[in-house]
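Results of the structural survey
Here are the chains, one letter per residue:
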Amino acid sequence: MRFYNQMPLRRISELRREMDRVFSEANRPRAAAYPPVNIAADEEGLSVTAELPGVDPAALEITAVRDHLTISGKLPGYDEVEGRTWHRRERRTGSFSRTIQLPYAVDAETVQATCRDGVLRIAMTRPEADKPRRIEVQTA
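Predicted model, so just to flag it, every value in this text is computed and none were measured. (Residues numbered from 1 in each chain as written. Predicted model: local features only at pLDDT ≥ 70, side-chain atom pairs only at ≥ 80, totals over all residues. Heavy atoms only, no water.)

Turning our attention to the packing of aromatic side chains. Counting across every chain of the model gives one aromatic pair. Judged by centre distance (5.4 Å) and plane angle (80°), the ring pair of tyrosine 34 and phenylalanine 96 falls under edge-to-face. Here tyrosine 34, found in the loop between helix H1 (6-27) and strand S1 (37-41), pairs with phenylalanine 96, found in strand S5 (residues 94-101); they are 62 residues apart in sequence, far enough to count as distant. Looking at tyrosine 34, the relative accessible area reads 16%, which means it is buried. The residue whose ring lies beneath arginine 84 is tryptophan 86, and the NZ or CZ to ring-centre distance is 5.5 Å. In this structure, arginine 126 packs its charged tip against the face of tyrosine 104, placed 3.6 Å from the ring centre. (Phe/Tyr/Trp six-rings, centres within 6.5 Å; stacked < 30°, edge-to-face > 60°. Helix = DSSP H or I, 4+ residues; strand = E, 2+ residues; numbered from the N terminus. Buried < 20%, exposed > 50% of the residue type's maximum accessible area, 1.4 Å probe, protein only. Lys NZ or Arg CZ within 6 Å of the ring centre and 35° of its normal.)

Have a look at this one:
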């Protein structure tokens, strides 16, 4: 004679499998966003730097729309040599595009970008209408 119901045990088993799957996925390495960026902000504007070694600056496309910045381009491929066997390929190749949400809207007309030694630097100003203002408190 059985004194327990099989259903709760089945549900516990299903829950355990689901938890194992969740923890397995959490431990799986994820692809890092490319290119890696640093963003600094102040009341006047934003400064974004991105690491882009080996990328031709003329092949970069940068767009700024309101509070979003998109950096797109193409990374050079590997030199294919007959008879060469690759043991590891960790460097990316091919096209990339990254859109970053900025902490506030920027004036797209004033965006300036320079690239030197594989580091892209983007300077953006904050529109006057969007800058914080100090409000004077009137006394009676």
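Buried residues dominate strand S4 (residues 68-75), accounting for six of its eight residues. Following strand S3 (residues 61-65), the chain reverses through two residues before pairing antiparallel with S4; arginine 66 in that reversal takes a positive phi of roughly 50°. Taken together, the eight bridges between S4 and S5 define a ladder with antiparallel strand orientation. By the bridge assignment for S5, histidine 68 is matched with glutamine 101. (Pairing = 2+ DSSP bridges.)

Taken together, the three strands give an open sheet; going across it, the order is S3-S4-S5, and neighbouring strands pair in antiparallel fashion. Here the strands that pair on one side only, and so sit at the sheet edges, are S3 and S5. Across the sheet, the mean angle from the axis of one strand to that of its neighbour is 10°, orientation sign disregarded. Sheet analysis places S3 next to S4, joined by five bridges and oriented antiparallel. Considered in S4, the bridge of valine 65 is made with histidine 68. (Axes fitted to C-alpha atoms, helices over the stretch in contact; angles between N-to-C directions.)

Note: most residues except glycine have negative phi, and most peptide bonds are trans. With an omega of 0°, the peptide bond running from tyrosine 34 to proline 35 counts as cis. One non-glycine residue with positive phi stands out, namely aspartate 117, at about 55°. Here aspartate 117 lies in the loop between strand S6 (112-116) and strand S7 (119-125).

As a further point, take the confidence of the model for the chain. Low pLDDT marks stretches whose predicted atomic positions should not be read closely. Residues at a pLDDT of 70 or more form 89% of the chain, whose mean pLDDT is 85. The secondary-structure element of the chain with the lowest mean pLDDT is H1, recorded at 77, while S7 shows the highest, at 96. (pLDDT = per-residue confidence, 0-100.)

So, on to the nonpolar core. Within soluble globular proteins, side chains that are nonpolar tend to cluster in buried spots. With 18 residues, the main nonpolar core has Leu69, Phe96 and Met124 as its most contacted residues. Elements supplying a minimum of two residues to this core: strand S2 (45-51), S4 and S7. Other than its neighbours up to four places away in sequence, phenylalanine 96 contacts Tyr34, Pro35, Leu52, Val55, Leu60, Ile71, Ser72, Gly73, Lys74 and Leu75. (Core = buried A, V, L, I, M, F, W, Y, C linked by side-chain atoms within 4.5 Å. Contact = heavy atoms within 4.5 Å.)

Turning to its location among the elements, threonine 70 is positioned in strand S4. A polar side-chain atom of threonine 70 sits 2.9 Å from a polar atom in the side chain of threonine 99. Those residues within four positions of threonine 70 in sequence are excluded, and the remaining contacts are Glu61, Ile62, Thr63, Ser97, Arg98 and Thr99. (Polar contact = N/O pair within 3.5 Å; in protein donor to acceptor, adjacent residues only side chain to side chain.)

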